[in-house]
Structures are given as structure tokens and as C-alpha cells.
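# Analysis of the macromolecular model
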Amino acid sequence: MELLKIDHLCKIYGKGENEVRALDDVSFTVPKGQMLAVIGPSGSGKSTLLHILGGVDRPTSGTVLLDGQDVYKQNNKNLAIFRRRQVGLIYQFYNLIPVLNAEENITLPMIMDGRKPDQKQLDDLLKLLELSDRRKHLPSQLSGGQQQRVSIGRALFTSPGVILADEPTGNLDSKNSAEIIALLRKSNREFNQTMIIITHDENIALQCDRIISFSDGKIVSDTMNTPAAAEEA
Amino acid sequence: MQFESLLARRYIKTQKRHSLLTVCSIIAALAMMTVLMTCFTTLTSCMASRERDVRPYHIQMIDVPDAAVDKLKSYSHVKEVKVIADYEIEDENGSKTPVHTVNVTLEKGIGDIASYYNKMCEAIGHDDFYGYGRVNINRTLMDYDRIDEDADFHAVISYAGYAIYLIILALILRLVIDTAFEVSSKERERQFGVLQSVGATPNQIRGIIVREGLLLSVIGVPVGIGLGLLLGYGLFRVILYSGIIDAFFTSEEKALSLLHYEIQPVPLIICAAVGFIWVFLSALGTGTRVIRMTPIQAISNRSNTIKKVKKHSVFGLLFGWEGKLASRNARRQPKRFIVTVLSLTLSIAMFGMFSVLVDNFTKALESTIVVFDYIGPMNYDFSFARMEYVGEPFGYQEGYRLLEESPVLTDTDFYFRTSSKTVNDEGVQILYVNEHAWNRLFSADDLEAPMTYAEFEKAGGYVAINGSENALSADKQSAQLRTRCLTAIPEEELAKYTEDELQEMVENDTITRTGGYKRTDSVGSFDLSDDETGNEDIFAKVYCNYTETDRTVKILSCLKSDNILTNNMALNLVAPVSKYENEDQAWFGDMGKTVMMSTRLVSDDDYQAAVQFFKTNSREFTNYEDHFSMMRQIRSVLGAIKIGGTFFIIMFAVIAIINMVNIVSTGILNRKSELASMQCVGMTDGQLYGMTIIECAQFVIIACVAAIVLCALATWGTHVFLHDVLTLEAEEVVRGNVGIFSSVPRILLATGAAFVAALAASVFPLRRMQRETLVDRIRTVE
């Protein structure tokens, strides 16, 4: 069952001679529960794709359907609510709010939604993220890996339809990178969470169910993968 | 071009908003300092001009003979001797000597005025001058012209006080410039880190910031001084025409010829120097702070890491998570937060407090002046006395008639008092009042008229107010008076006795002596600035025969009043003036009486006409008190203080607002990426604006509450002060009009204005920021 449908997506920056086609007629679908890796060289359009899927940027043309709903037919307010409820964004530089502690950062989207966070769910998530003893710490008091785990917690906490991760390990050492990927994989398997991960790291890509390769704003390959084999390897 | 200069110029050009805010801060600081400097020099110069116009001398001497005048002219340090009056004095032998009244102007450096003057008197042959009322030393003008050593001391005291004030102000202004630099450099810490990482030395980094500061001050300092001069001139004109001219000068031309806006180069040079030094120090301080960080700290922006936040806040409780976030955001840089809130608090409190305090003191002053009257609250424009002259029948009627018939005066009341005794030797004062005075007597809250004036006249008795009850009968229905009737002894009769013999007769109670005023040309020929009463030359001793008679008088009513100034225990009896004319006049004979008259202007516009009336009829009145003019001068000075004060408050508020705008707008722009992150995880535009509005509200709400507390304390302090130094009536007038929280509406108004400024400072950058895509903003490295 397809959760996400991207149809003839185009994103053009600039005009005339300065025109840059960041995404050029991109179409694909993502079924629920799939862990998808998007790879490609710098400037190939990966991050632009992720931002458009996350409702952060608007496409020049084309549609993005999440659960059959056209994301960009919504006004700005509904788009913000869409980001709050239906997607979870993970960035390379974490983008945590420095004045909020780990727990507050994780629950922020839900608090903004006017809902009261479920304490048990929060405790479980913190345990999963191995942040139980760091829940009251400010971002400045956490290591890079811990900050990224907070960022993942924030993305997971509202149980969104899709998690979008932009180079989630780009700012981490290999040990922390492995832990973060394992965490993402675990939540993908345990919660059947759909994930799209943008990465340069081939090892990370190989741990995903599917790999889409981008070049010059176009899909150049779309292959299914058996992550178990990679893990074993 | 050195690379520091190149980069400094580039930063100024590319970071226009910061450059503009920094220049604005420098301009505001310099303008305020210049205004204060020029105000001080202008005020001093105006006061000296006014003094020079009213009393154009350092020493005024009377009865100076011709030879002494010539010696004076050549005496050391005498600049000018101006003869202003020529007349003759008669010695004991009857021979007349021509003498003069002279105004002496001195040069600087006379040393101690007392010894200088004594020596001068010796030199001119007038060694008995000093201390005999024949010299008038104009201490004020001597201070302004710095003539003697005391003047130098006074100047030092005066300048020291002013300098302390200026230093405090300069430090506050330093803070403004400092904040502007810190805000500007904070945003560029990363760039400085990058420069350091590619080889720039700490001194070069500091050099960039210092050069940038000096380049900005090259624009800011002269513009600030120019603006200050313009504003100062505007302030001078506004104060000049706020009533000062009318109150203190006879004509606008006269005022304008004496009062000038004083621009002196030295204060301006001081302003410029202080401006450049402050900018240099601020830039240097900022540069030093920047280079204390390692390049990687600067690049990774680690100096901005938040290590501690408040878990709970009032704003969080009031406004939910937006309030909580706003509260934490505002306190990211506690020092700047405190400085901003403090400066905002002070400007709001000063705005709220100043006008309230001026109102407070105006009312207190008015009420203090009002109580200086014998029979009750003095709410008249003019009061004066018609004196009894020796050799003329006592007649108040003529003066009263003149006042009654004057088209510009109204509500004339009068009373006169006589002194008497009871048979028990208790003191008694009898006040004979007309209807206006009777009504005034009972205009105070604590005293109710026992009857109307018509009934009073008809009843034919006295009303007792305060004083010893021993003077009254047991049933308080009557009093036993022992009145003394005086008859002046004719001059030819007096000539038969020597002065010693007369004195002996007085001591033996054979005759008595009283006082009276001699008709001379000088009597009553006062102008509005003079008060010639009490002059020995016009006061005469009158020897009288007397008879004493015991009388029983009818007491209609006994009253007590706190509002009547009865300092002695003498019994105060009040009777209608008709009773004096019809009956009591015969009891007292030639005994000295003074008629006190008070009158009001029909209209404030008639003041000059009233002045002319008193000048024309000056022989009929003396002891003139011009309450109207006095109050007008007080109001006009207070008005000028109000205008000047308001101006400074506005200047102060501008500085506080520049600070706040700087901090709020920079705070928004610095958090561009962070705010975008929040939007990425679902914050709506409404929530973003809501949080920002709460952030702004925090500054003004805290400042507002603090200002209300400050104002309440200040008003309470005023009450305590008034209680200590003023009369009960004055204090009650103030308490009745100025409550502890009287300034709250003004504070709320100022808070509203500050909130609008803060809102504009945050909403505009927010809107501009919103034009960028979320993607672009989230990529911004903080």
C-alpha cells in the first residue's frame, strides 16, 4: 500500500540564464513501512526533495500525495499542522531549540498542537533513545550523538506518517553514526515507520529497503535492497 | 589600504542595519550630552543676564560724597563707578552735603570681599560704611562674574555637582554605545573566528572593530552634536515662550535682549571628546571580548551556548508554552536583558513620575503661600497695607473706595487689628473685618460661620476665635476688656522736654510711645520689585497721652480653628468694621492700626492694568505683596522645568527604545535558523508572532510594574518630605490631589508606546525574515 506518491515533481531556482533545475520531473511512490535511502552527489537535488516532501519548501510543479492527500493544496497554517503531525524531520545539525531541554524539545510538536504528551510514551521513547538520564539536559549539555537522538525523538514522538532524515549522521563520528542508524532501523521495524534518509554514506544506504540514486535533479536508479544481507555483511 | 580599514568599511556598508543602529545610538547619546551641556551654559548665562539687568552692580553704596566717588573710581580692581542718584544729607548742625548713590562694578581677583570692602571704605574715607545698611553687595552677580575668592569656591561647588551629574549621564550613554557595539559584533563573531583561523592576529581583529567604531563616530559625533544644538535651541525657545518672558520681564524685546542661547566651544569639545573616547572604549572592549574566544569557539558560536534556563516563569504560566519560550529567549543574554529593562523602567518611571511630582510641588507651593495670612486661607492676587500716617486721621475708607471702584479689581476684603488687654492683663487682639474678610475667615474646612455678616453687624458683639479662655467670663458670653485710648502729644508740647525726659516719662507710664509712618516722598513710591516697608527713615516714634477704660463686651460665639495663624495665646476677637466706625473707634484714639487689604483680579489679562493702578495710587498703599506675579513666576518656572524635564525624558526614552529595538530586532534575526526549525516541526505563523509579541511584552510589562513601584515609592517619598518640611495644610492639599498611584495612567500610556515600538522592532524583521524560504533560513548558521 503506497503511503507517499510523488508525481512529476519539479523545483526550479532562478530565472533565465540563472535557472537551476533542482528537481526535474521526479516521480516515485513509497509504500508504508519502507526505509528508503536517497543518495547522490552534492547538488543532485536530494535535500530539495526532502524539503518538499516535508512541507518545508514548495515545488515549482508536480504533486506530493501523503495518504492520498495533496500536501501543497493546503494553506500555510495547514501546512504547518501537516509538518507537526504527519512528518518528522531530522537534520544533520539537529536544529534543536537551545532554550528547551531534551524532553521539551521532543514534545515540542505535540505541545504546539495543544496536546498533552503521554508520559508513558515519552518515558518509553527516552528509554529507546537512551536519554532517560539526560531528559532535563539542555542541548548545550549533550553530545552530538545525544543531540541527534533528541532530534530523532522529536521526529518520532508524534508518530508521523513519514520520517525524513537529511544526512542524520553527517555530523557524527562512526560509532555514533552506527548507533543512530541502528536506532532508525529499530523504530522502522518496531513501529513500521516509513523513512526516507538522505545520505552520502553507502553503508547507511545499504541498510535501507530501497535505494534511489539522484543526479542533476533526476532519478538515475531505483533499486530494492536486502538490508539483512548488508547487516550480516 | 590596511586590511583592517578595508574590512571595517566593508562591514559598515554590508551590515547597514547594524551600522545605522550604532550610528543612531552614538547620535542619541551625543545629542543628549550636548543638550545638557548647552542647557547649563545657557541657563547660567540667562540668570547672569537677568541679575545684571535687575541689579547691575557688584556693590551699591548710598550717601557717598563727591570726594569719595572720585577716590572710588581710581581704587584697585574697580572697573566702573556709576552714579545713579544725587541728593543731600543734613548733619546734626543742619549743614547739607551733596551725596550720591553709586553702583560699583569690580574686576576679578579682589580676594576676600569683606577685607576688600573694608579697605576700600578706609581708602575713600568711609570706614563706618560696612554693616550700616548703606551698602548692598550683589553676591549673586559676584558669583556669576567670579569676582572674589568665594565666587571661585561657589563655582567649583556648582560645577562639581554638575560634573557628577554629567559623569553619571555619560556612563549611562556609554552603556548605550556599548550595547550597540556588542549587538553588532555578536552577530559577526563567527566571521571574526574565520578571520582568526586564516591568520588574523587578535590585534588585527580588535583593529577592525575599533576602526569601524571610529568611522561610525566620524558620522555620529558631529551629527549628534549638531542635533543636540538644534534640540537645545528648540528647547530654549519653547521654555522662553512658556511664560518665562511674561513672568520675569516687562517686554519680549527686553527678554530677548538679555536671554541668549549660549553655545560655548569648550563644552562642545568635551562632548566630542567624550563621544570619541566612549566609542573607542566600547569598540576596544568589544574587540577584546571577541578575541578572548578561540577561533573554533567563535566559528561554532559556542559563546552563545545556553547553559541554564529558568524552569518556570510567570510568562509561562500566563501564556503557556509560547510564554515559556519567550521568557527563556529574552533571558539568553541576561546582562542585555537587565540593561534594557532597567533603561526602559527608568524612562517610563521618569515620564510617569516627573509630571506628578511637579504637580505635587506646584500644589504644595500654592498651598504654602496661601497659609501666610492672618485670618485664613489667602487666595487673593494682591495683598497690601494701608498705613496710618503720623498727623493724619486714620482713614482706610479712601483706599478701600479706590479698590472698590477699580475696574480691574474685585472682591476686596480688608481687616484691621488693634491690640488691647483684658482686665486680667491677658492679651487681646481685635480684628475688624468687612464682609469679604468675614467670608474668607470661614472658607477653611474646619470653621463654620456662626451667622451671616448682616446678622453679625446686627447682633452688635464679637466672635471669639482661639486664644486664652481666661479672658472670657465663665459662661463665655462676655469678656472684660481694659482698652487704652491714645492721644498723640503735639510737637510743640513735646519740644518742652528733652529726649531723656520723655524716655523717663514712658518708663514711669505717664505717657506711652507708639509707632507711625511719616509721609515722605519715598513712602509708597515702590515699584513691583521693591519692598520698602520697615525703612527706618519713614518710621516715626509717636509719644501719646493715654487713658485706660474697663469695658464689658458681648461675645456672640466662641470658635476654634487650626487654619488661623495665632501663635500667641492672646484672645482673638472679631467684629464687623461698622462696629469700629460707629462705636469702638472712640475707644482707641490715635493708636496705631494697620489695614490689611486683599483683592483679586477681575481677569488675569488685567494684571498690567492692576500694576498701573497700584503705581498711580502708591501713596495710598504700602507693604505690597504680588501673589499673582509670584505664583505666575512659580508656575512659569515649574512649567519650564516641566518642558525641560519632559524633553530629557523623551531623550532618555529614545535611548531606551533604541536599546530595546536593537536588542529585540537583533534577537529575532540571530535566531533565524532556530525559528525556522520551530516552523519546520510545525509552528504556525500565528504561533510564531504570538511568541514574539509575548517576548516584547515581557520587556514592557516588567518595566511597567517596576515603574509603578518606583513611582509609588517616589510619591510616598514626596509625601514624607512634604510632611517634614511643609505645613499641614500644604501636605493635605498634596495628599488630596496626588495619590500614591496617580502616575499609573501616565505609566500605562508610556508602556503602551514602548510596547508598540518593541512590536515594530520585532514584527518588521520577522516579516522580512518570513520572505525567505524555510529552507534558506534553516541553513543559516547561527
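Our subject in this report is the structure included herewith. Residue numbers here run from 1 along each chain, matching the order of that chain's written sequence. As a convention, the first chain written is A and the first ligand written is 1, with the rest following in written order. It should be noted that, the model being predicted, local features are given only for residues of pLDDT at least 70 and side-chain atom pairs only at 80 or more, the latter also being counted only at that level, while totals for whole chains, interfaces and linings use all residues. Here the side-chain values reflect all heavy atoms present in the structure, with hydrogen atoms and water set aside.

Here a strand is any run of E in DSSP of at least two residues, a helix any run of H or I of at least four, and the numbering for each starts at the N terminus. Secondary structure summary: chain A contains 8 helices and 10 strands in total. Whether a residue is buried, partly exposed or exposed follows from its accessible area with a 1.4 Å probe, protein chains only, as a fraction of its type maximum: under 20%, in between, or over 50%, in that order. Counting every position in chain A, which comprises 233 residues, the buried fraction comes to 56%. If you take every contact in chain A between residues at least 6 apart in sequence, the share linking residues at least 24 apart comes to 69%. Shrake-Rupley sampling with a 1.4 Å probe provides the accessible areas, and residues are treated as covered by the protein chains on show and by no other component. Carbon together with sulfur atoms contributes 48% to the accessible area of chain A, which is approximately 10000 Å² in total. Here, residues are in contact when the closest pair of their heavy atoms is within 4.5 Å.

What follows deals with the pattern of salt bridges. Any Lys or Arg side-chain nitrogen located within 4 Å of an Asp or Glu carboxyl oxygen qualifies as a salt bridge. Counted by the stated rule, this structure contains 33 salt bridges over all chains. Among the salt bridges present, the one from Lys 324 of chain B reaches Glu 104 of chain A, with a minimum N-O distance of 3.0 Å. Taken together, the residues span two chains, with Lys 324 of chain B in helix α12 (residues 314-330) and Glu 104 of chain A in helix α3 (residues 102-112). By relative accessible area, which is 28% here, Lys 324 of chain B ends up partly exposed. Between Arg 115 of chain A and Asp 113 of chain A there is a salt bridge, with the nearest N and O atoms lying 3.0 Å from each other. Judged by relative accessible area, which is 14%, Asp 113 of chain A ranks as buried. Put simply, Glu 19, Arg 21, Asp 24 and Lys 218 of chain A are held in one network by salt bridges that share partners.

Negative charge collects at one region of the surface, where Glu 499, Asp 500, Glu 501, Glu 504 and Glu 507 of chain B lie side by side. For Glu 499 of chain B, the position within the fold is in helix α18 (residues 499-507). The residues that make up patches have over 30% relative accessible area and no salt bridge, and they are joined within 9 Å when like-charged or within 5 Å when they are Val, Leu, Ile, Met, Phe, Trp or Tyr. Residues scored as positive are Lys and Arg, those scored as negative are Asp and Glu, and His as well as the terminal groups of each chain are ignored. Taken as the charge location is NZ of Lys, CZ of Arg, CG of Asp or CD of Glu.

Sheet strands line up and pair through hydrogen bonds in the backbone, either parallel or antiparallel. Residue and element names in this part refer to chain B. What makes two strands pair is DSSP finding at least two bridges between them. On the basis of which strands lie adjacent, the open sheet formed by 4 strands has the order β2-β3-β1-β4 and antiparallel pairing. Each edge of the open sheet carries a strand with a single partner, namely β2 (78-90) and β4 (135-137). Within the sheet, the average angular offset between the axes of one strand and its neighbour, ignoring direction, is 20 degrees. As defined by bridge partners, strand β1 (residues 59-65) adjoins β4 across 3 bridges and the pair is classed as antiparallel. Within the sheet, the bridge partner assigned to Met 61 lies in β4 and is Val 135. Lines are fitted to the C-alpha atoms to define the axes, a helix being fitted only along its stretch in contact, and any angle between axes, read from their N-to-C directions, falls within 0 to 180 degrees. Where helix α3 (residues 66-73) meets the sheet, it contacts β1, β2 and β3 (96-106), and its direction lies at approximately 140 degrees from that of β1. The strands that helix α4 (residues 113-124) touches are β1, β2, β3 and β4; relative to β1, the one it contacts most, it runs at about 15 degrees.

All names here are of chain B. Under the pairing criterion, centres of Phe, Tyr and Trp rings, with the six-membered ring standing for Trp, must be within 6.5 Å; the plane angle then separates stacked pairs below 30 degrees from edge-to-face pairs above 60, leaving the rest tilted. Within this structure, the stated rule accounts for 14 aromatic pairs over all chains. Centre to centre, the rings of Phe 315 and Phe 319 are 6.2 Å apart; their planes meet at 20 degrees, and the pair counts as stacked. You can see Phe 315 and its partner Phe 319 sitting in helix α12, 4 residues apart, about one turn around the helix. Directly above the aromatic system of Tyr 546 lies the positively charged group of Arg 484, at a separation of 4.0 Å from the ring centroid. Our definition puts a charge over a ring when NZ of Lys or CZ of Arg is within 6 Å of the ring centre and also within 35 degrees of the ring normal.

A few words now on the nonpolar core. Residues and elements named next belong to chain B. Definition of nonpolar core: a set of buried residues of the types Ala, Val, Leu, Ile, Met, Phe, Trp, Tyr and Cys, connected through side-chain atoms within 4.5 Å. Formed by 59 residues in total, the largest nonpolar core has its most connected members in Phe 192, Leu 195 and Ile 225. At the level of secondary structure, the elements contributing two or more residues to this core comprise α1 (3-14), α2 (16-54), α6 (149-186), α7 (189-197), α8 (202-248), α9 (252-258), α10 (265-292) and α21 (627-670). Considering every element that reaches this core, the biggest residue donor is α2, with 14 residues. Ranked by size, the runner-up nonpolar core spans 53 residues in total, among them Tyr 400, Tyr 432, Trp 438 and Ala 471.

This next bit is on the interface of chain A and chain B. Counting residues at the interface gives 27 residues for chain A and 28 residues for chain B. The term buried area denotes the loss of accessible surface (1.4 Å probe radius) that occurs when two parts are joined, taken as the sum for both partners. In total, chain A and chain B occlude about 2300 Å² of area from one another, counting both sides; carbon and sulfur atoms represent 64% of this. The largest per-residue losses of area from chain A upon contact with chain B belong to Arg 83, Val 99 and Met 112 of chain A, which jointly make up 25% of the total buried on that side. Where chain A touches chain B, the interface holds 2 salt bridges. Elements that contribute at least two residues to the side of chain A that touches chain B include exactly α1 (46-53), α2 (76-85) and α3 of chain A. Here the nonpolar group is Ala, Val, Leu, Ile, Met, Phe, Trp, Tyr, Cys and Pro; Asp, Glu, Lys and Arg are the charged ones; every other residue, Gly included, is treated as polar. Its residues placed into classes, the side of chain A that touches chain B shows 14 nonpolar, 7 polar and 6 charged.

This brings us to the side chain of Arg 84 of chain A. Turning to its location among the elements, Arg 84 of chain A is positioned in helix α2. Residue Arg 84 of chain A is classed as buried on the basis of its relative accessible area of 4%. Two N or O atoms form a polar contact when they lie within 3.5 Å of each other; inside protein one atom must be a possible hydrogen donor and the other a possible acceptor, and for residues adjacent in sequence the pair counts only when both atoms belong to side chains. There is a polar contact of 2.9 Å between the side chain of Arg 84 of chain A and the backbone oxygen of Gly 682 of chain B. Apart from residues lying up to four places away in sequence, Arg 84 of chain A is in contact with Pro 109, Met 112, Asp 113 and Thr 158 of chain A together with Val 681, Gly 682, Met 683, Thr 684 and Gln 687 of chain B.

As a further point, take the sheet that holds strand β3 (residues 35-39) of chain A. All names here are of chain A. Spatially, β6-β7-β8-β3-β9-β10 is the arrangement adopted by the 6 strands of the open sheet, whose pairing is mixed. Looking along the sheet, the strands with just one partner apiece sit at the ends: β6 (87-90) and β10 (218-224). Adjacent strand axes in the sheet meet at a mean angle of 15 degrees when their direction is disregarded. In terms of strand pairing, strand β9 (residues 210-215) meets β10 through 6 bridges, oriented antiparallel. For Phe 214, the partnering residue across the bridge sits in β10 and is Ile 219. Contacts between helix α5 (residues 144-157) and the sheet are confined to β6 and β7 (162-166), with β6 contributing the most and set at about 170 degrees to the helix.

Among all positions in helix α14 (residues 397-405) of chain B, only Gly 399, Tyr 400, Leu 402 and Leu 403 of chain B are buried. In an axial view of α14 of chain B, the angular spread of the buried residues amounts to 160 degrees, which keeps them on one side of the axis. Here the arc refers to the directions that run from the helix axis out to each C-beta atom.

Looking now at the pairing of strand β1 (residues 2-13) of chain A. All names here are of chain A. Looking at chain direction, β1 and strand β2 (residues 20-31) are connected through 8 bridges and run antiparallel. Directly across from Ile 6, in β2, lies its bridge partner Phe 28. Here β1 folds back onto β2 in antiparallel fashion, the turn holding 6 residues, of which Gly 14 has a positive phi close to 75 degrees. Bridge count between β1 and strand β4 (residues 61-66): 5 bridges; the pairing is antiparallel. Counterpart to Ile 6 in the pairing with β4 is Val 64.

Next up on the list: the pairing of β7 of chain A. Residues and elements named next belong to chain A. Taken across its 5 residues, β7 has 5 buried, putting it largely inside the fold. Both faces of β7 are covered, namely the face carrying Val 162, Leu 164 and Asp 166 and the face carrying Ile 163 and Ala 165. For β6 and β7, the ladder comprises 4 bridges, and the chain directions are parallel. By the bridge assignment, Ile 90 is partnered in β7 with Ala 165. As paired strands, β7 and strand β8 (residues 194-198) are joined by 5 bridges and run parallel to one another. Pairing of Ile 163 across the sheet is with Met 195, part of β8. Here the term right-handed applies to a crossover when the path leading from its first strand over the helix to its second strand runs clockwise, the strands being oriented away from the viewer. For the handedness criterion, the β-α-β arrangement of β7, helix α6 (residues 174-191) and β8 is classed as right-handed.

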